[in-house]
Amino acid sequence: MAQVKKPNIKKGSPIKSADYSWYILAGFFVIAFVYFLVPGNYVLFFQEQQSLFVYTRDYILDFFLKPGSVADLAAKFLTQFYISSFAGSLILAVVLSMPGVLMYYVNRRLIPGSGLAGLLAVIPSCLLLIMQTHYYHLMLYNVGFVIVIAFFLIIISQETIRNKYIALAFFPLVFYVTGAFALVFIGMFIVYCLVYLKGRHRFLLPLMLAGLTGVSILLFDNLLLLQSIKQLFLYPLPFINDQLHKVIFYALIAYMVLYPALARMAGSVRLVRPGRRIAAGIVIPALVLCAAVIVLVSAYNSQTARVINLEKMIFAEKYDEAVEYHEKKPTENLIGQYFYNIALSSTGQLCDRLFHGRQDFGTSSLFLPWSSEHINWGAWSFYSIGLINEAQRWAYEEMVVYGRRPQNMKLLVKSSLINGDYILTRKYAGILKKSLFYRKWAISYEKLAGDSLAVKSDPALGRKMSILPGKDFFVFLESPEGNLPRLVNQNPGNREAFEYLMAWLLLNKDVEMLVGNISLMKDMGYTSIPRHIEEAILIYYNSQGRLPDMGGLELSSETRLRFDQYFSAFMTGRQNPATLEGKMREQFGNTFWYYFHFK
Amino acid sequence: MNRGRNIFSVLLFFSGLLLFSGCGSESGPELVNTERKPVIEPDYTDVTIPPNIAPMNFRIGEQGNYFRVKATDGTGSFSVDIKSSDGVIQFPERSWKKLTGGSAGRRITFEVFASVKGSKTLEKFEPFQMNVAEEPADPYLAYRLIYPGYYNWSNIRIMQRSIESFSEETLIDNKILDMNCINCHSFNQYNPEKFMVHIRGSNNGTYIADNGRFRRVDPKVESMPGGATYPSWHPGGTFIAYSSNQVRQGFYARPEKLIEVFDLVSDIVVYDVEKNLTYHADDGDTTSYLETFPSWSPDGRYLYFCRALQSTSQSTMELEDVEKIRYDIVRMPFDPETAGFGKTELVFNASANGKSASFPRISPDGRYLVITLHDFGTFPIWHKEADLHIIDLNTGESKKMDLNSSETDSYHTWSSNGKWLVFSSKRTDGRTTRPFLAWFGSWDNTGKPFILPQEDPAYYDKLMESYNIPEFVSGRINLGPRDFAKATANELVNAQPGDRGLSLSREDMKKAGTKRNPGERSIHE
């Protein structure tokens, strides 16, 4: 028969305490749900964009090729619902609450009626919640812990020792499903055996587990699945390059492994007085929840949120919204400012509003450098200027490196339509069609394949077709601005490329070069000069004493007037150099003049 | 999985039976002759296949939800009936073997019927045939599966596939090789036990497999412009010819083309596998040439390769520079006893016709040379206009082969009996290469090529990777990914120069080090 240590139940012991665990867990659920529905919603968008879940046999079978991937499959399945803020927050809050719920049942086995049960149960969920605030903390990591705790619960719930052995025999399956998360179980279970079991089983069960682990490793490494031994011990544990995340991750692992011992200690605590029972059952867990909220608030990175929110708007082609957002809530991040510039270009305002938003990175925020770090965003600037082949290349390379993602597949569909590669359009759209939430989009674009007139009639795609390069050349990768004069010269209708070129010169403060291009504008269809270009012309005029060749276009009187105001404000402010920059920023921060003189 | 499929097949059979019995009411469905052949994917109509090919499964691209295909062998004594509700026609392997077995030198005839549920008519299409050649093809193909990408790669696998069944096995997988690049597999005389492959990066080296044992060598010597790249085994098995290339890429701005791959500098060397010596294929000519894609004649007396005048442009190779580079096919006499070379001879003057030639491959009987001809440069895989051309080495006559398409037709290899060609074609989608097999009867007589059949005829539609460097192999390779992973523990042996007098010119050294883009390096290193 089983030799399991009985919980220490005495008169006045915790067994008679009221159990507040469900209230605590409900409180946790509400906090998690609200956080990810509102301030932390950007995390959901970011993660939803990390992979494209498709309902095909090949895609799903791929997840059965290495330990840990089955958990990833489950996680990716859930993550696809992040496309809806409500559904995503709900799912995430449920999954984050699961460790607490499972621990509640664990506690009913290990420390029935303990007043500290709620507190112990909610801690893993709280730690996961804090980890989840990092946008790279994937659903997979939560699922991994949930499965491990569930398996632990299943084993300890077996009434007889024989059944425990039988349940433990399923460990290779758990290892296969969760990968390296199974190592957490190993730790937990060994501690459990040592603390809760008596007699030879407290050693035999861990020995059996060690044997099963060895067999699993042998089986996975040599016979069944192709992966390196390193992967076997590390995948899919999160190793995110963030100090807070790392600390909490290790703390969580330590907590989980030592949980049986902690539970044992907690079970031996006598809570006789009602006040102490309430304190242990409600007040302390509530304080833990409050602490979690405080960490959530303090760990919230508004800058990260802004960048990802901008990305969301750009991906949804809500360019006006993106412009307004950055101007109201400026991002200090390179990618954020890059997206702002794309939004400006897509709405034809690049040289009118460039300095209405923050520009801290000079020309770097026009084109992202070629690197794996930027590979998932870099395509957009090339797409904006009609260098579709290059945009397609970035999207394709992203797909090769990071796999199919909604955005790279969408960009491949659009770029192949613009390029007239309709077979490829159908191929890429065919993949998107197998997803739950991009199916409609794919069908609408797939319909265009084969009908170049329909593609031309589509306002966005038609525009891109009309600004394709006129003559072939090798794309400049190291100095992408080198592509711009070629695009403009070969296709004078490509205003997007022209304004990117002018924006490059503005951000580079290269007024001489900039004014040399103004004579081209009238033939390109401009009837007036964009505001920042006018501002540059006046700087040129101010230094050279003459206006450049403007090809028949004229400066607006409004800009002239503003320049006069700027000039006199500058002259006045110069009396007090300490306050000059601040005063000029206040009045003229959205002008090229300010950028030219003070940035 | 198989169990599920079996259950599905049984259900399909009964639903087909029900449908068929529905069609076969007292009066029976009215048979309507369409007087045209059915649309099938892949297009296997009138192709010539080897007798040992796997079932040529296909999809019927016609309206309907009841399909029936009757395939009859060349003698008319055996036929197979396949019914399908979705138009996917998959032949059981055993029945297929009987069909092809009785049809060598004859034709298999396929009759196709289609009907829509509830309709009282059954459409009958004109029968189509597959010609079954008498000569088998080598039973295995080895190829690399890789995304036809640009700079980046992820999973790369070298696979072996039995052409007699659908069995495909991984030979090398970079997932257990630190995700390093693997390329340029080459077999000695189609021998599954003697071949080589390059592995780059942390496990770098040229891995030479010989009867289950591996040697890990680096044939590069100081005087080579880059690492050992495109290989060709000498028939004797002692030497491997390599080109040594500094390869760069340019990306096109216009939609018609995507990528141009070109050499800044390249040279031909021969590596002595037994003595671990590397020799330059040098005939004393001091002109600066680009030399690449070596290929031995079947008797081992000549080394064929592609040669172009090196660009004198001082720029970092713009499109205009690359467009001027055109390769001819030349050959050098070779003496295996001394590893010495004679004077280079011009074999095919492609540049005189404004074209560029790549991948010389000589038929096993030594009579024919098949090349890829394209407008310029060295890498036809990305050239839509690239086509296979054949040259009669006895007469010098050349012509474009009948097996070409409007998309890229390129990298090709002869079967060991000289009756089959496997080549890479992008004709299915314009982007990914697929292996096509074509029967070669004679100069005037080649069969319509066909794509390597798959169990699921829609397989290629879903596959994003390209089939790279398809090579015939005479049998199964008894090695797997773990054998290669273990071989990475072998010590890397650096080759010694066989001809110490040679060194890279200063100009070549400068070109070899040119970086056109940040972090750029030769794509084969």
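Residue indices begin from 1 for each chain and proceed along its sequence in written order. Each chain gets a letter, beginning with A, and each ligand a number, beginning with 1, in the order they are written. This being a predicted model, a pLDDT of at least 70 is required before a residue's local features are given, and a value of 80 or more before pairs of side-chain atoms are given or counted; all residues contribute to the totals for chains, interfaces and linings.

Asker: Describe the overall build of chain A, listing the residues and the values that go with them.
Answerer: Helix and strand assignments come from DSSP, with helices taken as H or I runs of at least 4 residues and strands as E runs of at least 2, each series counted from the N terminus. Of regular secondary structure, chain A possesses 32 helices and zero strands. When its C-alpha atoms are laid out on the principal axes, chain A stretches across 100 × 60 × 35 Å. We call two residues in contact when their backbone-placed C-beta atoms lie within 7 Å. At a minimum sequence separation of 6, the contacts of chain A that also span at least 24 residues come to 71%.

Asker: Can you lay out the overall build of chain B for me, pointing to particular residues and giving the numbers?
Answerer: Each helix and strand in chain B was counted, giving six helices and 38 strands. A fraction of 60% describes how many contacts in chain B between residues 6 or more apart in sequence connect residues 24 or more apart.

Asker: Describe the interface of chain A and chain B, and please don't skip the residues or the numbers.
Answerer: On the side of chain B, 27 residues touch chain A, which itself brings 28 residues to the contact. Broken down by secondary-structure element, the contributors of at least two residues to the side of chain A that touches chain B are helix H20 (388–402) and helix H22 (422–433) of chain A. In terms of residue count, the dominant contributor to the side of chain A that touches chain B is H20(A) (eight residues). The classification used treats Ala, Val, Leu, Ile, Met, Phe, Trp, Tyr, Cys and Pro as nonpolar, Asp, Glu, Lys and Arg as charged, and all other residues, Gly among them, as polar. Split by residue class, the side of chain A that touches chain B holds 15 nonpolar, five polar and eight charged.

Asker: Residue-level account of the sheet that holds strand E27 (residues 356–362) of chain B, with values.
Answerer: Residue and element names in this part refer to chain B. Spatially, four strands are ordered E27-E28-E29-E30 in an open sheet, and the strand pairing comes out antiparallel. Strands at the two margins of the open sheet, each flanked by one partner only, are E27 and strand E30 (398–400). Sheet twist, expressed as the mean angle between neighbouring strand axes with direction ignored, is 25 degrees. Here the rule is simple: two strands pair whenever DSSP picks up at least two bridges between them. One ladder, built from five bridges, connects E27 with strand E28 (residues 368–374); its direction is antiparallel. In the sheet register, Arg 361 faces E28, and the bridge partner there is Val 370. Only the stretch in contact is used when a helix axis is fitted, and all axes are lines through C-alpha atoms; the angle between N-to-C directions ranges over 0 to 180 degrees.

Asker: Which residues make up the sheet that holds strand E12 (residues 157–162) of chain B, and what values do they have?
Answerer: Residue and element names in this part refer to chain B. The strand order E13-E12-E11-E36 describes an open sheet built from four strands, whose pairing is antiparallel. Of all the strands in the sheet, the pair left with one neighbour each is strand E13 (168–173) and strand E36 (466–473). In this sheet, neighbouring strand axes are inclined to one another by 25 degrees on average, regardless of whether the strands run parallel or antiparallel. Alignment of strand E11 (residues 140–146) against E12, held across six bridges, turns out to be antiparallel. Bridge pairing links Arg 144 to Ile 158 in E12.

Asker: Which residues make up the domain arrangement of chain B, and what are the values?
Answerer: Buried accessible area, meaning the area lost when the parts come together, often serves as the stated size of an interface. Residues and elements named next belong to chain B. Parsing chain B into structural domains produces domain 1 (2–132) and domain 2 (140–512). A straight line from the C-alpha centre of domain 1 to that of domain 2 covers 39 Å. With 20 residues of domain 1 at the contact, the number on the domain 2 side is 16 residues. Residue assignment for the side of domain 1 that touches domain 2 shows that the elements contributing at least two residues are strand E3 (48–49) and strand E4 (58–60). When the residues that make up the side of domain 1 that touches domain 2 are grouped by side-chain class, the tally is 11 nonpolar, five polar and four charged. Domain limits in this description derive from either an automatic procedure or a database domain assignment.

Asker: Please provide a residue-by-residue account of the domain arrangement of chain A, values included.
Answerer: The domain boundaries assigned to chain A delineate domain 1 (15–299) and domain 2 (509–598). Relative placement of domain 1 of chain A and domain 2 of chain A: their C-alpha centres are 60 Å apart.

Asker: Quick rundown of the pairing of E13(B)? Include the residues and the values.
Answerer: Residue and element names in this part refer to chain B. The sheet contact formed by E12 and E13 spans five bridges and is antiparallel. Pairing of Met 159 across the sheet is with Thr 170, part of E13. Linking E12 back to E13 in an antiparallel pair, the connection comprises five residues.

Asker: I'd like a rundown of the pairing of strand E20 (residues 259–272) of chain B, residues and numbers included.
Answerer: Residues in a regular strand project their side chains so that they alternate between the two faces of the sheet. Residue and element names in this part refer to chain B. Three exposure classes are used. Buried residues have 20 or more other C-beta atoms within 10 Å of their own C-beta, exposed residues have 12 or fewer, and partly exposed residues fall in between, all C-beta atoms being placed from the backbone. For E20, the buried fraction is high: 11 of the 14 residues fall into the buried class. As defined by bridge partners, strand E19 (residues 239–251) adjoins E20 across 13 bridges and the pair is classed as antiparallel. Within the sheet, the bridge partner assigned to Gln 246 lies in E20 and is Val 265. The pairing of E20 with strand E21 (residues 277–280) spans four bridges and is classified as antiparallel.

Asker: Lay out helix H5 (residues 85–110) of chain A in plain terms, naming residues and giving numbers.
Answerer: Its 26 residues give H5(A) an end-to-end C-alpha distance of 37 Å, which sits within 8% of 38 Å, the value for a rise of 1.5 Å per residue. In this analysis the local bend is the angle between axes fitted, respectively, to the seven residues ending at and the seven residues starting at the residue. A maximum bend of about 35 degrees is found in H5(A) at A:Met98, where proline A:Pro99 lies one to four positions downstream. Working rule for helices: expected span equals 1.5 Å times residues minus one.

Asker: Let's hear about the environment of B:Glu455: which residues, and what values?
Answerer: All names here are of chain B. Along the chain, Glu 455 turns up in the loop between strand E35 (450–451) and helix H4 (459–462). When the 14 C-beta atoms within 10 Å are taken as the criterion, Glu 455 is described as partly exposed. With 362 residues separating them along the chain, Glu 455 and Glu 93 place their C-alpha atoms 9.9 Å apart. If we skip the residues at most four places from it in the chain, Glu 455 touches Asn 57, Gln 90 and Phe 166.

Asker: Explain the environment of A:Gln337 to me, and be specific about the residues and the numbers.
Answerer: Residue and element names in this part refer to chain A. Its location among the elements puts Gln 337 in helix H17 (residues 334–346). C-alpha separation for the pair Gln 337 and Gly 552, spaced 215 residues apart in sequence, amounts to 33 Å. Apart from the residues lying within four places of it in its own chain, the contact partners of Gln 337 are Thr 331, Arg 358, Gln 359, Asp 360, Phe 361 and Ser 365.

Asker: Can you lay out helix H10 (residues 182–196) of chain A for me, pointing to particular residues and giving the numbers?
Answerer: Between the first and last C-alpha of H10(A) there are 20 Å, a value that for 15 residues agrees with the 21 Å anticipated at 1.5 Å per step. Among the residues of H10(A), A:Ala182, A:Val184, A:Phe185, A:Met188, A:Phe189, A:Val191, A:Tyr192 and A:Cys193 are the ones counted as buried.

Asker: Could you give me a rundown of the environment of A:Glu446, with the residues and numbers involved?
Answerer: Residue and element names in this part refer to chain A. Counting through the fold element by element, Glu 446 comes out in helix H23 (residues 439–446). Of the residues examined, Glu 446 has 20 C-beta atoms within 10 Å and is grouped as buried. Those residues in contact with Glu 446 that lie beyond four places of it in its chain are Thr 425, Arg 426 and Ala 429.

Asker: Pulling in residues and values, what's your account of the confidence of the model for chain A?
Answerer: Summarising the model, chain A shows a mean pLDDT of 93, and 96% of its residues fall at 70 or more. Confidence over residues 7–16 of chain A falls short of pLDDT 50; this stretch has 17 contacts with residues more than four positions distant or in other chains. pLDDT expresses, on a scale from 0 to 100, how confident the predictor is about each individual residue.

Asker: Describe the confidence of the model for chain B, naming the residues involved and giving the relevant values.
Answerer: Residue and element names in this part refer to chain B. Confidence in the prediction for chain B averages 90 pLDDT; 90% of positions are at 70 or higher. Scored below 50 in pLDDT, residues 1–26 makes nine contacts in the model with residues more than four places away or belonging to other chains. The ipTM value of the predicted complex is 0.88, and its pTM value is 0.90.

Asker: Go over the packing of helix H4 (residues 69–79) of chain A against helix H7 (residues 139–156) of chain A with me, naming the residues and quoting the values.
Answerer: Residue and element names in this part refer to chain A. In contact at an axis separation of 8 Å, H4 and H7 are set at 125 degrees when each is read in the N-to-C sense. Taken together, the axes of H4 and H7 lie oblique to each other. Crossing handedness for the pair H4 and H7: right-handed. Contacts between H4 and H7 involve Ala 71, Asp 72, Ala 74, Ala 75, Leu 78 and Thr 79 from the first element and Met 139, Leu 140, Val 143, Gly 144 and Ile 147 from the second. The cut-offs work like this: below 35 degrees is roughly parallel, past 145 is roughly antiparallel, 65 to 115 is roughly perpendicular, and the gaps in between are oblique. Rotating anticlockwise by less than a right angle from the far helix to the near helix defines a left-handed crossing, while the corresponding clockwise rotation defines a right-handed one.

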